[in-house]
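Listed below, chain by chain, are the residues.
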Amino acid sequence: PSLSLSLRLRPAPAPRPPGCGHALAQAPRPRTNASRPKPRPKPSTMLSGKACIITGATSGIGRATARLFAAEGARVVAVGRNQSALDELPGELGEAFVLGICADLTEAGEPERVVREGVVPPSPDPDPDPDPDASPGPDPDAG
């Protein structure tokens, strides 16, 4: 079998005069305020005082999210598998850092533990260390 290749060459188009509507023929436009990058807004208080659990907080997107949430005023509970990286977070997040929990959320029971330790406040002890020398008081059933 033979291979045949044919090319048709066209003559170059004639240059267009400026202002005729062709994008390449128009003069460059001066930059306006609308084309400049907008400054980043100041942190809002939308997360102020909220407790947020950030998973994967020891690196990458999770760590960046923890920083951002802390800057927005959140109280951050950081979760990750790397204890030494969790130990560095209080220095980065300052007062926003509440707790670091080392956990592998793919393991059974770990998500529940994270919520229990990071969100649910411990229930108060109904009878905090009673005084053994104190009298029990009147019997409510006695009459």
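One structure accompanies this document, and this report is about it. The model shown is predicted, which means the values in this text are computed figures rather than measured ones.

**Here we look at the pattern of salt bridges**
Any two side chains of opposite charge can pair, on the condition that their charged atoms come close. Across all of its chains, the model carries 5 salt bridges by this definition. Arginine 63 is the partner of glutamate 92 in a salt bridge, and the nearest nitrogen-oxygen pair spans 2.5 Å. Placement of the pair is glutamate 92 in helix α2 (residues 83-93) and arginine 63 in helix α1 (residues 60-71), with a sequence separation of 29 residues. By relative accessible area, glutamate 92 is classed as partly exposed at 36%.

**Remarks on the nonpolar core**
Ile54, Ala57, Ala66, Val76, Ala78, Leu89 and Leu93 are the most contacted members of the largest nonpolar core, which totals 14 residues. Counting only elements with at least two residues in this core, the list comes to β1 (51-55), α1, β2 (75-80) and α2. Here the element with the most residues in this core is α2; it accounts for 3 residues. Filtering out sequence-adjacent residues up to four positions away, alanine 66 remains in contact with Ile54, Ala57, Val76 and Leu93.

**A look at the pairing of strand β3 (residues 97-102)**
Where β2 meets β3, 5 bridges bridge the pair, whose relative direction is parallel. By the bridge assignment for β3, glycine 80 is matched with cysteine 102. Tracing the backbone out of β2, into α2 and back to the parallel element β3 gives a crossover that is right-handed.

**Some words on the packing of α1 against α2**
With their axes 11 Å apart at the nearest point, α1 and α2 run at an angle of 30° to one another. Considering the angle they form, α1 stands roughly parallel to α2. Note on packing geometry: the crossing formed by α1 with α2 is right-handed. Together, Arg63, Ala66, Arg67 and Ala70 of α1 and Ala85, Glu88, Leu89, Glu92 and Leu93 of α2 make up the contact between the two elements. For the contact of α1 with α2, the per-class residue count stands at 5 nonpolar, no polar and 4 charged.

**Observations concerning α1**
Here α1 is 12 residues long and its end C-alpha atoms lie 17 Å apart, about the 16 Å a rise of 1.5 Å per residue gives. For α1, the complete set of buried residues consists of Gly62, Arg63, Ala66 and Ala70. Along the axis of α1, the buried positions cluster into a sector of 100°, meaning they face one direction only. Turned more than 90 degrees off the buried face of α1, the exposed positions are Gly60 and Ile61. Turning to α1, the residues buried within the fold contact β1, β2 and α2. In the stretch just after α1, glycine 73 is the one whose phi turns positive, near 100°.

**Considering the sheet that holds β2**
Ordered in space as β1-β2-β3, the 3 strands form an open sheet in which the pairing is parallel. Here the strands that pair on one side only, and so sit at the sheet edges, are β1 and β3. Averaged over all neighbouring strand pairs, the angle between strand axes comes to 20°, with direction disregarded. Across 5 bridges, β1 lies against β2 in parallel orientation. Bridge pairing links isoleucine 54 to alanine 78 in β2. On the sheet, α2 packs against β2 and β3 and is oriented at approximately 175° with respect to β3.

What counts and what doesn't
- Residues numbered from 1 in each chain as written.
- Predicted model: local features only at pLDDT ≥ 70, side-chain atom pairs only at ≥ 80, totals over all residues.
- Heavy atoms only, no water.
- Salt bridge = Lys/Arg side-chain N within 4 Å of Asp/Glu carboxyl O.
- Helix = DSSP H or I, 4+ residues; strand = E, 2+ residues; numbered from the N terminus.
- Buried < 20%, exposed > 50% of the residue type's maximum accessible area, 1.4 Å probe, protein only.
- Core = buried A, V, L, I, M, F, W, Y, C linked by side-chain atoms within 4.5 Å.
- Contact = heavy atoms within 4.5 Å.
- Pairing = 2+ DSSP bridges.
- Right-handed = clockwise from strand over helix to strand, strands pointing away.
- Axes fitted to C-alpha atoms, helices over the stretch in contact; angles between N-to-C directions.
- Parallel < 35°, antiparallel > 145°, perpendicular 65-115°, else oblique.
- Left-handed = near helix turned anticlockwise from the far one by under 90°.
- Nonpolar A, V, L, I, M, F, W, Y, C, P; charged D, E, K, R; others polar.
- Expected span 1.5 Å × (residues − 1).
- Arc of directions from axis to C-beta.

The analysis is restricted to geometry; functional conclusions fall outside its scope.
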